[in-house]
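# Per-entry structural report
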Amino acid sequence: MTTLHEELLRRNNFHTSSTRSWEAISGIGWHEPTPSELSLAAVRTLSVVVPACNVSYCLPAVLDALEGQHHRHGFEVIVVDDASTDTTAAIAARHPVVTTVLRLPERAGGATARNLGTALARGQTVLYLDADMVLPPHVITDITARATETTVLVASATTCPTTCTRADAASWPSIPNSAQTIGSYGGHRSAARCSTPASR
């Protein structure tokens, strides 16, 4: 079994064949928004992992944009609250698009928050989304339609190949025993950054 790290070392960054193949199969350009009815968008499941720390000023807009995606298939949204001192966790817990909220008891940093969110993710594809990024409505469909088992989409998304399993999580940081899962909620109901308040 090849790990993602080994696969990336073996492959070059030449992607023209991938983009041409996509365009031939889908009939649309690589950089064109994907129509919501495109059947390719249903092939892979998706988890969105949002590391968040003290982002109550912009998180509602980020989550509203996820809820407003024109994607026709369910996807999960995991918010990892990195010991925020504001209302970040509460905002995430009550938003209908969020399926899981994990609140860390002390600051661990964005990378650890992403890894912990990935350990909880059930989707075949994982999209890492900064907590101040507002996605246009076609992005989730764009990613699910273009993702493959061996492709890393670099922008705000990363695809975890099937060779990256829960067993690989042994090398990731453990979810602390004192971390609190606030909720795991059933169902699903080019980007812009939110501006940062002057006080920050």
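Quick summary incoming for the structure in this document. Here the structure is a predicted model, which means the values were calculated and not measured. (Residues numbered from 1 in each chain as written. Predicted model: local features only at pLDDT ≥ 70, side-chain atom pairs only at ≥ 80, totals over all residues. Heavy atoms only, no water.)

## Details of the nonpolar core
Convention followed: Only buried residues count toward a nonpolar core. Its members are Ala, Val, Leu, Ile, Met, Phe, Trp, Tyr and Cys residues joined through side-chain atoms within 4.5 Å. When a residue's accessible area, from a 1.4 Å probe over protein chains only, is under 20% of the maximum for its type it is buried; when over 50% it is exposed; and in between it is partly exposed. Contact between two residues is taken to exist if any of their heavy atoms lie within 4.5 Å; hydrogens are not considered.
Membership of the largest hydrophobic core comes to 26 residues, with the highest contact counts inside it found for Val48, Leu63, Leu66 and Val77. Every residue in contact with Val77, bar those within four places of it in the chain, is listed here: Val48, Val50, Leu63, Leu66, Val97, Val98, Thr99 and Thr100. The next biggest cluster of nonpolar side chains, apart from the first, holds 9 residues, and it includes Leu104, Leu116, Ala121 and Val126.

## Points about unusual backbone geometry
What counts here: Helix and strand assignments follow DSSP, with helices taken as H or I runs no shorter than four residues and strands as E runs no shorter than two, numbered in order from the N terminus.
Despite not being glycine, Asn54 has its phi angle at roughly 55°, a positive value. For Asn54, the position within the fold is in the loop between β1 (46–52) and α3 (59–67). Positive phi outside glycine occurs at Ala83, with the angle close to 55°. Along the chain, Ala83 turns up in the loop between β2 (76–81) and α4 (88–94).

## Brief notes about the pairing of β2
This is how the line gets drawn: Seen with the strands pointing away from the viewer, any crossover whose path from the first strand over the helix to the second strand runs clockwise is right-handed. At least two bridges found by DSSP between two strands is the condition for calling them paired.
Burial within β2 is extensive, with 6 of its 6 residues counted as buried. A two-sided burial pattern is seen for β2, the buried positions comprising Glu76, Ile78 and Val80 on one face and Val77, Val79 and Asp81 on the other. What joins β1 to β2 is α3, and the crossover it makes is right-handed. When β2 meets strand β3 (residues 100–103), the two strands line up parallel, connected through 4 bridges. Residue pairing for β3: Val80 is matched across the bridge by Leu102. As for the winding sense of the linkage, the β-α-β connection from β2 through α4 to β3 is right-handed.

## Considering the pattern of salt bridges
The condition is simple: Salt-bridge detection follows one rule: a side-chain nitrogen of Lys or Arg within 4 Å of a carboxyl oxygen of Asp or Glu.
Across all of its chains, the model carries 5 salt bridges by this definition. Close ionic contact of Arg107 with Asp82 constitutes a salt bridge, the shortest N to O distance being 3.1 Å. With Arg107 in the loop between β3 and α5 (110–120) and Asp82 in the loop between β2 and α4, the pair connects residues that are 25 residues apart, well separated along the chain. Residue classification places Arg107 among the exposed residues on the basis of a relative accessible area of 56%. Across the pair Arg146 and Asp142 runs a salt bridge whose closest N-O atoms are separated by 3.6 Å.

## Topic: the packing of aromatic side chains
To describe a pair of aromatic rings, you give the distance between the ring centres and the angle between the ring planes. Note the cut-off: When two rings of Phe, Tyr or Trp (its six-membered ring) have centres within 6.5 Å they constitute a pair, described as stacked for plane angles under 30 degrees, edge-to-face for angles over 60, and tilted for the intermediate range. We call a charge positioned over a ring when the NZ of a Lys or the CZ of an Arg lies within 6 Å of the ring centre and within 35 degrees of the ring normal.
For the coordinates displayed, the defined rule picks out 0 aromatic pairs. Geometry around Trp30 places Arg146 over its ring, the cationic atom sitting 5.5 Å from the centre.

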